[in-house]
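Coordinate analysis (summary)
Given next are the chains, with one letter for each unit.
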Amino acid sequence: MEVTDLLAANLKALAHRDSELYRLLSALPTEASEPVGAAAAASDNSAGDPWLEVAGHLQTIGPNADGIAVFVGLGMGYGPLLVLRERPGLEAILIVEPDPAKLLTAARVADLRPLLAAAKVHFFIGDDWLPKFKSAAALLGVGKNVAILRYKPDMVANPARYKEVDDRITALLTAKVANEGVSARYAPVMCRNRLANIPLLRNACTIHALRGLGRGMPVLLVGAGPSLTPALPYLRQAASRALIIAVDAALAPLTAAGIVPDFVVSVDFNTLNIEKVVGQVGRHQPFCLVVGAKVAPLIPQMMTVQRLVWAFDSSVAENWLRRACGEQSLGGAAGLPSGAHLALALAIILEADDVTLVGVDLAHGSGASEHAAGVATARSGRAAKAEIYVPGTRGGEVPTSLSFSSQRQGLEAMIAEAPGIAFNNASPTGAMIAGARPVELAAKLAAMAELPPQSRGGLVAALAEKRLDFSLVSGALEQCLSRVVGVRDKLAQLAGELKLLTNAVKLMSIKKGPPTRKAGAAVRHYNRLLQETIALNADPVWDDLAELTFVGRPRYLERERAVAATKPQSPAWWRAEVERFSSLLRLWEEAATEFHQSAAATKDFLEREQELLTRFVGSVESNAGEELLQLYAAHGFFARAAALLLHPRLCAAGERLAPWRGLVCAGLLDFVEARQAWSSALAPDPEVDRLRVKLARRWLTMERDFGTSYPSLVEIWRQRAREIAKNI
């Protein structure tokens, strides 16, 4: 192999970084590497500056990017070098090059030493790149932005080889986004939502109770993508001929067009979700609301619907509640990442014979919004950047994101498991969904309009009879709490053992006394703590608490790395092990404490609710009804409180309940009625005033959490807070 000064410098840096890869390149014959002239000729801009050729990467990865960049093909190395230099906030740069000769060529052309010296740059060279890439991807931080960058000359010159690499990387990373993308940041919110939603399971039913109720009926599955807007006139014509299942974000556009869906589905765990349906809050809605167990509680708490239906995904933390309800999980390994997935699962459970997807685009359109007109949470003026390209329904390729691609794969897996249903994709600008035949919406709905109107009477009657045995749910909650209490007792014992180990390790650093005896004490405490920790780690309760451990996991992994970086049995190793155990026990204790507090609060609410319901139904005394009203209003169950206010016994209470009636109206955003009720009150109620302040803060918290991303909603939230807190 001919060695130039530049190549020698690069090989020296490579030998220092990765001796195995160095040996691989050193063994390559001279003719294996591409001549420098030929390499330059393959460039998109061979006559100009090679840095200019790769400058487009900086448009894909913004100046403040803090995620991960993946290069499919090394090229001449200028792309990774530019990104490393100009985007210092990136957590990692992964370079996949299946041809080792390409690295050798790049080493002849460019100074790769900055890449070889950077710890955050990872190389995956040769045909065996995939296992190593999987291992590296598994260690990446969850919830990170990922950009896939491609060396176009190689993609063009050898499409079979590099397209396969591209497809494998895309599949791997989209699965990672689906399974882990929100875990680190939002998993605790999901756990709190699930526990807060448990009282709403009373008098509700679960999704599999709907099995076969739509057998033989066509279904229109309505998403909120941009293509929904031009589809609305056609949907209105066919509305009576098919069951309409709409995602929550599509409800406002449908309602504005005079279209009433039969089912609305909601899975979003963020409180911002309420803005998608806020126009339908406060009055009875003729549709059924189907929600995931982790949905933001505001949705089912504030909406009065024909029937509330619950669904459960495959989350391990949901197992105990799902089993109590006698339910099966939905969505496979990826769960239910979007409303479209829950809507599709519902259509399959209903046993519809024909399902047409409308507005399920899963692609970045040419407009500035990713939603249909009228969606309150749409962010206009922010055209999304394409991360990948996928086949479109009209041929060619359409730009999309890793998240959309992951959702598409989930829908395709669900469709593949329902071979008896005809699936159609009526999005003219969306991504191709395998198993869903592209159709022209106008033609499809014109044919559907020829069908006889579909009667909903049987479906409505059947739904009214479905009831969940709520005693099984409350019993499961009690058992779950008992398990957590047991774990907390064990954690207290482990904390005592850790204290003994800590003291023993401190004694080892004191020069006085026999070192062997001091080390022996540390070893005894260490071994006992290790065995007890291993036993506790195997306790099934950690499945129930899984979501609450995500936040502390990075901290614990840092302690693990610190142990690995020290010499075993050295003083530094002992100190690092103490820190590791301390971090693990703190992680477990924080998770167990939070779950215990939230679950105990839910249990107390259920017991109080049951007591008041029994008294209210069993006697004519009005106090039980008033206390139940106050319980519901104080905990935000405003739809239930509003229904209770219509009971004759509470109507008879008159002005005595005016402050509480005003609070319920304000909770449902009916500020005209709220002002009238408060003005008619005989006297202020301090408890109502306290709850009004709490309710006003909810909307100000929305501004804090989402105001930057949704500036158009900020004044709306402020106005709600002002209306609620006025004249207190």
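Our structure's up above, just so we're on the same page.
The structure reproduced in this document is the subject of the present report. Just so you know, the residues in each chain are numbered from 1, in the order the chain's sequence is written. The predicted origin of the model limits local features to residues at a pLDDT of at least 70 and limits the giving and counting of side-chain atom pairs to 80 or more, whereas totals for whole chains, interfaces and linings rest on all residues. Computation of side-chain values covers all heavy atoms of the structure but excludes hydrogens and water.

Let us look at the nonpolar core. In plain words, nonpolar cores are sets of buried Ala, Val, Leu, Ile, Met, Phe, Trp, Tyr and Cys residues tied together by side-chain atoms within 4.5 Å. Only protein chains enter the area calculation, which uses a 1.4 Å probe; residues under 20% of their type maximum are buried, those over 50% are exposed, and those in between are partly exposed. Formed by 108 residues in total, the largest nonpolar core has its most connected members in I198, I274, W310, W320, L501, F595 and L629. Under the DSSP-based scheme used, a helix requires at least four consecutive residues in state H or I and a strand at least two consecutive residues in state E, with every element numbered from the N terminus. Ranked by residue count, the leading element in this core is helix α25 (residues 571-618), at 18 residues. The contacts of I198, once residues within four sequence positions are left out, are W320, L321, F470, V473, L477, T602 and L606. Formed by 93 residues, the second largest nonpolar core is a distinct cluster that contains I68, M155, I244 and L350. Contacts are residue-level and defined by heavy atoms, with any inter-residue pair within 4.5 Å sufficient.

Take unusual backbone geometry next. Here E351, not a glycine, exhibits a phi torsion of approximately 65 degrees, which is positive. Within the fold, E351 resides in the loop between α17 (339-350) and β11 (354-358). Residue classification places E351 among the partly exposed residues on the basis of a relative accessible area of 25%. A positive phi angle is found at N727, which is not glycine, with a value near 65 degrees. Residue position: N727 is located in the segment after α32 (714-725).

Further remarks concern the sheet that holds strand β3 (residues 121-125). At least two bridges found by DSSP between two strands are what make those strands a pair. Pairing in this open sheet of four strands is parallel, and the strands run β3-β2-β1-β4 from one edge to the other. Looking along the sheet, the strands with just one partner apiece sit at the ends: β3 and β4 (146-150). Put simply, the sheet's adjacent strands are angled 15 degrees from each other on average, direction ignored. The pairing of strand β1 (residues 68-72) with β4 spans five bridges and is classified as parallel. Bridge assignment links V70 to a residue of β4, and that residue is I148. Axes here refer to lines fitted to C-alpha atoms; in helices the fit is confined to the stretch in contact. Angles between the N-to-C directions go from 0 to 180 degrees.

Turning our attention to empty space enclosed by the protein. Cavity: a set of points on a 1 Å grid over the protein atoms alone where a 1.4 Å probe fits but cannot get out. Pocket: an open set with protein on both sides within 12 Å along at least five of seven lines, its lining residues, like those of a cavity, having an atom within 4 Å of a point. Grid points are joined across faces, edges and corners, and a volume is the space filled by probe spheres set on the points. Tallied over the full model, the rule gives one cavity of 30 Å³ or more. Around the largest cavity, the lining residues are N10, L11, L14, L25, L103, A107, L112 and L116. Looking at the lining of the largest cavity, the elements that each hand over two or more residues are α1 (5-17) and α7 (100-109). Top element by residues in the lining of the largest cavity is α1. It accounts for three residues. Broken down by class, the residue content of the lining of the largest cavity amounts to seven nonpolar, one polar and no charged. Ten residues, namely Ala, Val, Leu, Ile, Met, Phe, Trp, Tyr, Cys and Pro, are considered nonpolar, four, namely Asp, Glu, Lys and Arg, are considered charged, and the remaining ones, Gly among them, are considered polar.

Quick look at the sheet that holds strand β8 (residues 263-266) now. Hydrogen bonding along the main chain pairs the strands of a sheet, whether they run parallel or antiparallel. Read from one edge of the open sheet, nine strands run β5-β10-β9-β8-β7-β6-β11-β14-β15, paired in parallel fashion. Looking at the sheet topology across the chains shown, the edges are occupied by β5 (205-206) and β15 (436-438). For strand β9 (residues 285-292) and strand β10 (residues 305-311), the ladder comprises six bridges, and the chain directions are parallel. Bridged to L289 within β10 is L308.

Okay, the pattern of salt bridges next. Each reported salt bridge corresponds to a side-chain nitrogen of Lys or Arg within 4 Å of a carboxyl oxygen of Asp or Glu. Counting across every chain of the model gives 39 salt bridges. A salt bridge links E318 to R194; the nearest nitrogen and oxygen atoms lie 3.0 Å apart. Placement of the pair is E318 in the loop between β10 and α16 (319-324) and R194 in helix α12 (residues 183-197), with a sequence separation of 124 residues. Assigned by exposure class, E318 and R194 land together as buried. Across the pair D268 and K276 runs a salt bridge whose closest N-O atoms are separated by 3.4 Å. When its relative accessible area of 24% is taken as the criterion, D268 is described as partly exposed. Overlapping salt bridges bring together R194, K294, D313, E318 and E547 as one network.

Let us look at the environment of W678. Here W678 shows up in helix α30 (residues 671-680). C-alpha separation for the pair W678 and E655, spaced 23 residues apart in sequence, amounts to 9.4 Å. With residues up to four places along the chain from it excluded, the contact list for W678 reads A658, P659, G662, L663, A666, V688, R692, E723 and I724. In protein, a polar contact means a hydrogen-donor-capable atom and an acceptor-capable atom, both N or O and within 3.5 Å, with residues adjacent in sequence counting only if both atoms are side-chain atoms; elsewhere, any N or O pair within 3.5 Å suffices. Among the polar contacts listed, one links the side chain of W678 to the backbone oxygen of P659, at a separation of 3.1 Å.

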